[in-house]
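Chain by chain, the residues run as shown.
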Amino acid sequence: MTDTLLPNGIKDGGGDGNYFKKGCNPLAQTGRSKLQNKRAGLNQQIIKQMRMRAGAENLLKATSNNKVKEMVLLELSYVNSNLQLLMGQLEGLNSSVEVYQSTHEMANIPLIALGLKETKEVDFSTPFKDFILDHYSEDGTNFEDEIADFMDLRQACRTPSRNQPGVELLAKYYSHLPLIESRFFSPTRQTGIFFTWYDSFTGVPVCQQNLSLEKASILFNMAALYTQIGTRSDRQTIVGLEEAISSFQKAAGILNYLKETFTHTPSYDMGPAMLSMLIRLMLAQAQESLFEKTALPGIRNQFYPLMKMAQEAAKVSEIYDQVHQSMIQMPIKDNVPLFWSTMSQVKTNHYRSMAHYFVASALLDHELGPSDDEDQQEKTLSQVYDQLPEGCSPLDILKKDDERQRTGKAHIRRAIRGHEEALRIYSLCHHLNKLEVLQDILKASHQRSLNKYSEVENKEEFTDYMEAPDIIPKTEHKAEMEVPNTTKGPLSFFSAKQRWTAPRTVQLCPEDRDLGFTLKGEQPVQVGSLDPMCPAAANGLKAGDYIVAVGDTDCKWMGVSEVMRLLKDVNEEGIHIQVVSIMDSNPPMPTKSATFCGNLPKTYSMICLAYNDDDKHSKSRKVTKKPSFISWGLKNKMRSASTLSLPTADQSGSLPWNKPCPTFPSSSSYNNDSALY
């Protein structure tokens, strides 16, 4: 649902004709838009309750009347209860992963996506026009359409489409922010523009006057959008899995860049501890998708492929265990949805059990034959185990049938226990109970292990319940952080940090085609050496002046050769030019930006709390053809017979692993005797 805003009368002819793109229609009744609208409504209710709590706490401090204190304390208890309920509802929204999953089918274990941070609308019009007049000595009304374009771009970023154009929309806005900061945000004065963003986990608003919060929040939403693209990918195809892998790796890369670049962001969801956990989560989901990509064509029911997949599954389990451990640490534990930590714990047990099942299948179904490479199998088995029981060696397990059976049964028993633990943890979270596909996959995996154990169990023999050794995690394709390319960085001269004089008009009258000065520099060009006796010097030109206009031609972004071309054919009547000079100044220390973060009873927090989107009225905005002031600096950059497969909840039998060959079971095939997994 992307559209384009075509300024300056440009026809939509493809190529680079597109300008600022619009986001999704915020009124569209899709599952994701409904979820985001609920999030926005909850944020407003949370801030309302926080206003009431702030007022009640102030009254409690100010009054000495015991009766009033009792009433205020009672009111506070109600407000705090309401806040807890609202936080619980917000946690429920963060747990609604089914909305973000692939629309094609639900046959894989669901992945977690981040919700977009919500923000309030910002009006740049009056502050920017005032700054243009005061600082650049130009009429700000000449740039109303360009400012309106920029405001439209920011508004579109509130509802980006869940695809690559949506990411490009956010990247486009993010690339403008350094330029806007350089042009309009001076270290010596406040603009009066407040940026308000809501914490995606707690709903608490944060308000600042500088652009650091704006930049960080846009980066967070870019990462969130990549997670949503990853979760909606069709993981039943190689192309879909590659898209999911790339999306989660890019999300991790952006979050890591956010963590390293914006180290003091007051929003809790962008704190170092939370970002570190989110990076681990994204890499874990990328590794899980890599595992699924390896298993999608089918796993050969042979010794070496089974051992390899066992270590791959153990690697996924290990990463999810690290994610779970980071989620249960303070202060993350208090704000991360229970659904997330429970899901990571379920996957830790599920993939660990899967690893033990693969090893059990390799040992129980494949005996060492005369044609097998004994040394190679011994080496492979020794690389799977970190430590074997005392008195037991890899060669003993391979050559002695009773030892092989004993170890294989130990692995299958451990797989059964792990699947039972995953099902037990699943049943403890009511949000997880809504994901029937997850329950089907867990039950199918458990039943498969039970079937395998019943095949090899001999009731007449003495049972030796040895503990299966741990499996060493190992992968051939490790998930890595990937940072997408984004353009950033403004030019240095025309910025809010520089102070210069108002444009001066100087009349040039050449003598024998000599203007009396030389030019140097790049954009804008600067007067180099100047003859003090020339007419230009007499008319007020100084060495070091910057030429910003020749006649009626704006030359702020022209080089020396282009300006010389304008001055070359000046006749005896001469031509007027406009110049500016940099002013020396000692600016005062910049004032601190007003920041509001919930639970911090600051006086200036009411600036954020009192702001109401309903008070703003939409204005019709006209787009005309004119060189954009805010675009300065942007002009020059611009299978074998027998295989195994992963468990699925698919009921149709249409998937690759539901063919006649031995496969992993679907939720409706618990008793498939030919299935190994």
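It should be emphasised that the depicted structure is a prediction, and the values quoted were computed from it without experimental measurement. (Residues numbered from 1 in each chain as written. Predicted model: local features only at pLDDT ≥ 70, side-chain atom pairs only at ≥ 80, totals over all residues. Heavy atoms only, no water.)

Formed by 126 residues in total, the largest nonpolar core has its most connected members in F124, F128, L278, W340, F358 and L432. When neighbours within four sequence positions are excluded, F128 is seen to be in contact with I147, F150, I180, F184, F185 and I193. (Core = buried A, V, L, I, M, F, W, Y, C linked by side-chain atoms within 4.5 Å. Buried < 20%, exposed > 50% of the residue type's maximum accessible area, 1.4 Å probe, protein only. Contact = heavy atoms within 4.5 Å.)

The next point concerns the pairing of strand β8 (residues 526-530). Note that strand β7 (residues 517-520) and β8 share three bridges and pair antiparallel. Among the inter-strand pairings, K520 is bridged to a residue of β8, identified as Q526. The antiparallel pairing of β7 with β8 creates a hairpin that spans five residues between the two strands, and G521 there sits at a positive phi of about 85°. (Pairing = 2+ DSSP bridges. Helix = DSSP H or I, 4+ residues; strand = E, 2+ residues; numbered from the N terminus.)

Among the surface-exposed residues, E511, D512, D514 and D531 lie close enough to one another that they form a single negatively charged patch. Among the secondary structure elements, D531 is positioned in the loop between β8 and α15 (535-538). A residue is classified by how much of its surface remains accessible, and D531, at 38% relative accessible area, is partly exposed. (Patch = residues over 30% accessible without salt bridge, like charges linked within 9 Å, V, L, I, M, F, W, Y side chains within 5 Å. Areas by Shrake-Rupley, 256 points an atom, 1.4 Å probe, with all protein chains shown as cover. Salt bridge = Lys/Arg side-chain N within 4 Å of Asp/Glu carboxyl O. Lys, Arg positive; Asp, Glu negative; His and termini not counted. Charge placed at Lys NZ, Arg CZ, Asp CG, Glu CD.)

A few words on the environment of T501. You can see T501 is positioned in the loop between α14 (436-456) and β6 (504-508). Once you skip the residues sitting within four places of it in the chain, T501 turns out to touch V580, S581 and M583.

Below, the discussion takes up the confidence of the model for the protein chain. Chain-level pLDDT for the protein chain is 76 on average; 73% of the residues reach the 70-or-more range. The model gives residues 1-20 a pLDDT under 50, and that stretch makes 39 contacts with residues more than four places away or in other chains. In the predicted structure, residues 587-641 sits below a pLDDT of 50 and forms 114 contacts with residues beyond four places in sequence or in another chain. (pLDDT = per-residue confidence, 0-100.)

Attention shifts here to the environment of L381. As for its placement among the helices and strands, L381 is situated in helix α11 (residues 374-384). The exposure class assigned to L381 is buried, which follows from its relative accessible area of 0%. Taking the C-alpha atoms as reference points, L381 and S393, twelve residues apart in sequence, are found 9.6 Å from one another. When residues no more than four places from it in sequence are discounted, the contact partners of L381 are M307, L363, P394, I397 and L398.

This next bit is on helix α5 (residues 164-184). The end-to-end C-alpha distance of α5 is 30 Å, a good match for the 30 Å that 21 residues give at a rise of 1.5 Å each. For α5, the principal kink sits at P178 and spans about 25°. Burial within α5 is extensive, with 16 of its 21 residues counted as buried. (Expected span 1.5 Å × (residues − 1). Bend = angle between axes of the 7 residues up to and from the residue.)

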